[in-house]
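Observations on the model geometry
Take a look at the letters that make up each chain.
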Amino acid sequence: MKRTPDIISAARGQWKELQPELDTSSMEVVGRVLRAGAVLRQRLDTVLGDEGLNRAEFDLLSALRRSGEPVTPGRLNSLMVASGAATTKRVRQLAERGLLERIRDQHDRRSARVRITEHGAELIDRAFARNLEAERELLAGMNTKQREAVAGGLAELLRSLEGYPAPAPPAQPD
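All of these numbers come straight from a predicted model, not from anything done at the bench. (Residues numbered from 1 in each chain as written. Predicted model: local features only at pLDDT ≥ 70, side-chain atom pairs only at ≥ 80, totals over all residues. Heavy atoms only, no water.)

Section: the overall build of the chain
The helix and strand inventory of the chain stands at seven helices and two strands. Secondary structure elements of the chain, listed N to C terminal, follow the sequence α-α-α-α-α-β-β-α-α. Taking 16 Å as the expected radius of gyration for a compact globule of 174 residues, we find that the chain reaches 21 Å, considerably beyond that expectation. The principal-axis extent of the C-alpha atoms belonging to the chain is close to 65 × 55 × 35 Å. Counting only contacts in the chain whose residues sit at least 6 apart along the sequence, the fraction spanning at least 24 positions is 50%. When the accessible surface of the chain is split by element, carbon and sulfur atoms take 55% of a total near 12,600 Å². (Helix = DSSP H or I, 4+ residues; strand = E, 2+ residues; numbered from the N terminus. Rg over C-alpha atoms; globule rule 2.2 N^0.38 Å. Contact = heavy atoms within 4.5 Å. Areas by Shrake-Rupley, 256 points an atom, 1.4 Å probe, with all protein chains shown as cover.)

Digging into the confidence of the model for the chain
Taken as a whole, the chain shows an average pLDDT of 89; of its residues, 91% reach a score of 70 or greater. Ranking the elements of the chain by mean pLDDT puts helix 4 (residues 73–80) last, at 83, and helix 6 (residues 118–138) first, at 97. (pLDDT = per-residue confidence, 0-100.)

As for helix 1 (residues 7–18)
Under the 1.5 Å per step criterion, the end-to-end length of helix 1 is 17 Å for twelve residues, consistent within 8% with the ideal 16 Å. N-cap assignment for helix 1: the residue whose side-chain oxygen lies 3.1 Å from the backbone N of I8 is D6. (Expected span 1.5 Å × (residues − 1). Polar contact = N/O pair within 3.5 Å; in protein donor to acceptor, adjacent residues only side chain to side chain.)

Description of the packing of aromatic side chains
Enumeration over the complete set of coordinates arrives at one aromatic pair. With centroids separated by 6.4 Å and ring planes inclined at 20 degrees, the aromatic side chains of F58 and F128 adopt a geometry described as stacked. Of this pair, F58 sits in helix 3 (residues 55–67) while F128 sits in helix 6; the two residues are 70 residues apart in sequence, bridging distant segments of the chain. On the basis of relative accessibility, which here comes to 42%, the residue F128 falls in the partly exposed class. (Phe/Tyr/Trp six-rings, centres within 6.5 Å; stacked < 30°, edge-to-face > 60°. Buried < 20%, exposed > 50% of the residue type's maximum accessible area, 1.4 Å probe, protein only.)

Some remarks on a nonpolar patch on the surface
On the surface, V29, V30, V33, L34, V150 and L154 cluster together into a nonpolar patch covering about 490 Å² of accessible area. Counting only elements with at least two residues in the nonpolar patch, the list comes to helix 2 (30–50) and helix 7 (144–162). At three residues, the largest contribution of residues to the nonpolar patch is made by helix 2. Along the chain, the position of V29 falls in the loop between helix 1 and helix 2. (Patch = residues over 30% accessible without salt bridge, like charges linked within 9 Å, V, L, I, M, F, W, Y side chains within 5 Å. Salt bridge = Lys/Arg side-chain N within 4 Å of Asp/Glu carboxyl O.)

Considerations on the packing of helix 1 against helix 2
Running from N to C, helix 1 and helix 2 point in directions that differ by 135 degrees, and their axes come no closer than 9 Å. Our classification of the angle between helix 1 and helix 2 gives oblique. Taken as a pair, helix 1 and helix 2 cross one another with a handedness that is right-handed. Here helix 1 contributes I7, I8 and S9 to the contact with helix 2, which in turn contributes G31, R32 and R35. Residues that form the contact of helix 1 with helix 2 fall into these classes: two nonpolar, two polar and two charged. (Axes fitted to C-alpha atoms, helices over the stretch in contact; angles between N-to-C directions. Parallel < 35°, antiparallel > 145°, perpendicular 65-115°, else oblique. Left-handed = near helix turned anticlockwise from the far one by under 90°. Nonpolar A, V, L, I, M, F, W, Y, C, P; charged D, E, K, R; others polar.)

Topic: the nonpolar core
Counting 20 residues, the largest nonpolar core has L53, L60, L61, L64, L76 and L100 as the members making the most contacts within it. Elements that contribute at least two residues to this core include exactly helix 3, helix 4, helix 5 (84–96), strand 2 (112–116) and helix 6. The greatest single-element share of this core, amounting to five residues, is contributed by helix 3. Residue contacts for L76: discarding those within four places in its chain leaves L60, A63, L64, V71, T87 and V91. (Core = buried A, V, L, I, M, F, W, Y, C linked by side-chain atoms within 4.5 Å.)

What about the pattern of salt bridges?
Taken as a whole and assessed by the stated rule, the structure comprises 13 salt bridges. The partner of R55 in a salt bridge is D45, and the shortest N-O contact between them spans 3.3 Å. Taken together, the positions of R55 in helix 3 and D45 in helix 2 put the pair ten residues apart, joining distant regions of the chain. Using a relative accessible area of 27% as the deciding quantity, one classes D45 as partly exposed. With its nearest N and O atoms 3.0 Å apart, the salt bridge here joins E51 to R130. Taken together, the positions of E51 in the loop between helix 2 and helix 3 and R130 in helix 6 put the pair 79 residues apart, joining distant regions of the chain. A residue is classified by how much of its surface remains accessible, and E51, at 13% relative accessible area, is buried. Each of D6, R12, E28 and R32 takes part in salt bridges that share partners, so that together they form one network.

As structure tokens, this is what we get:
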């Protein structure tokens, strides 16, 4: 199937002219994933900005909302995949805005947990719904079969990159 030329195919063609001995085939996937990620992030960040959030704040509040209970900063770090220093700073800033609060652990007074406030939950619920709507609009040019193919391919890519084994095939009846 012939693809419509895009910025990645143009870049590959330019590299082929400059250094024809180089294998640029990895750009077919990596270049497009990076380019798509940048375009998606730029467009979706506009929606979050309208709600007064940046992507990192959205991710942190989403993690707290999904957790359903107060979490330790360490647990929050694992949900966020961010550095401790960055998470600590964001927690402080979001607490100052009344979107989350730190509460002392009843069993260990040296430790604190973080929980989302009612105001924070209302904000993230609204922002999440708007983000999903924007995602649907961005994917409107693809049919269901195309979206499923891309989702499956990206899931395989992530499994490969993160070192997770592929899921076992379904058992065949005897």
